[in-house]
Amino acid sequence: MVTLLTRASRIALDLVFPPQCAICRRHGAMLCAECVARMPPADGARCEQCWSASRTSPCADCHATLLAFESVRSAFVFDGGAREAVHRFKYQGLHALAEPMAELMLERVEVAKIDLIVPVPLHRRRERARGYNQAALLARALATHSGARCDAAAARIRATAPLSATTRRAERLEIVRGAFQAFPQRVENRRILLVDDVITTGATLDSCAQSLLDAGARSVRCVTWARTD
């Protein structure tokens, strides 16, 4: 959990450098309550496995293709302020967004039955170019606020073509097949919470989850900040 020393340090910093909302620029918080209230929640009728908007569960895609992870939950639909937060966090280097984003993500997932939080890794060339892995920042913030342990227990061993070239799950699954490798000594017999910023079809999460299961993980559930509908 967040320590008293950490809280005290943040309060001191906030007095000197008041936080500013990444969406509306209002002072007071990195994500103000008004902007969060306007973000579209990923709720309503959804597939219990991939969390896509669906009147049936499993949805047609999950019925046709068995995914490696047990389930995924997302806090928001990837639109409006939720999309803008991702862009500022992921592409503009606003690392401080990891904490408020993680707190909102925690409302969607049960961490009591988790042994380890694992971020979806970037390929080393992509991470070197960007300077950081946004999923790792979220995973560490989730660990801080939940008390669970975080470990970068998987690596991306193969660079892949951009998934934006297609929205079909089967094609995306093929693109990322075998792209990850997990470390058995770090995941064996553990219940994993796999973390990423956005889910579209679930192909990336599926491939990474499969590597964790192949390395001996007991189970894999996933959480993301947003879900593309």
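Before reading on, note that the structure itself is shown above.
About the thresholds
Residues numbered from 1 in each chain as written. Predicted model: local features only at pLDDT ≥ 70, side-chain atom pairs only at ≥ 80, totals over all residues. Heavy atoms only, no water. Core = buried A, V, L, I, M, F, W, Y, C linked by side-chain atoms within 4.5 Å. Buried < 20%, exposed > 50% of the residue type's maximum accessible area, 1.4 Å probe, protein only. Helix = DSSP H or I, 4+ residues; strand = E, 2+ residues; numbered from the N terminus. Contact = heavy atoms within 4.5 Å. 1 Å grid on protein atoms, 1.4 Å probe; cavity = no way out; pocket = protein on both sides within 12 Å on 5 of 7 lines; lining within 4 Å. Points joined across faces, edges and corners; volume = space filled by probe spheres on them. Nonpolar A, V, L, I, M, F, W, Y, C, P; charged D, E, K, R; others polar.

## With respect to the nonpolar core
Phase 1 of the analysis: In terms of nonpolar packing, the biggest core is built from 41 residues, with L31, F76, M101, I117, L142, V195 and W225 touching the most fellow members.
Phase 2 of the analysis: Elements with a contribution of two residues or more to this core: α2 (33–38), β1 (71–77), α4 (80–90), α5 (98–106), α7 (134–146), β6 (191–199) and β7 (219–227).
Phase 3 of the analysis: Excluding its chain neighbours within four sequence positions, the residues that come into contact with I117 are A139, L142, A143, S146, A148, R149, C150, D151, L193 and V195.
Phase 4 of the analysis: Core analysis: the second largest hydrophobic core is formed by 35 residues, A68, V176, F180 and C208 among them.

## Quick word on unusual backbone geometry
Phase 1 of the analysis: Residue S57 is joined to P58 through a cis peptide bond whose omega torsion reads 5°.
Phase 2 of the analysis: Inspection of the secondary structure assignment puts P58 in the loop between α2 and α3 (60–64).
Phase 3 of the analysis: The backbone of W51 shows a phi angle near 65°, a positive value even though the residue is not glycine.
Phase 4 of the analysis: With respect to the helices and strands, the residue W51 is situated in the loop between α2 and α3.
Phase 5 of the analysis: The residue N189 is not glycine, and still its phi comes out positive at about 65°.

## Digging into the layout of surface pockets
Phase 1 of the analysis: One number sums up the size of the largest pocket: a volume of about 900 Å³.
Phase 2 of the analysis: The wall of the largest pocket is formed by 34 residues, among which K90, Y91, R126, L163 and T204 lie closest to the centre.
Phase 3 of the analysis: Looking at the lining of the largest pocket, the elements with two or more residues in it are α4, α6 (124–130), β6 and α10 (203–214).
Phase 4 of the analysis: Tallied by class, the residues present in the lining of the largest pocket amount to 14 nonpolar, eleven polar and nine charged.

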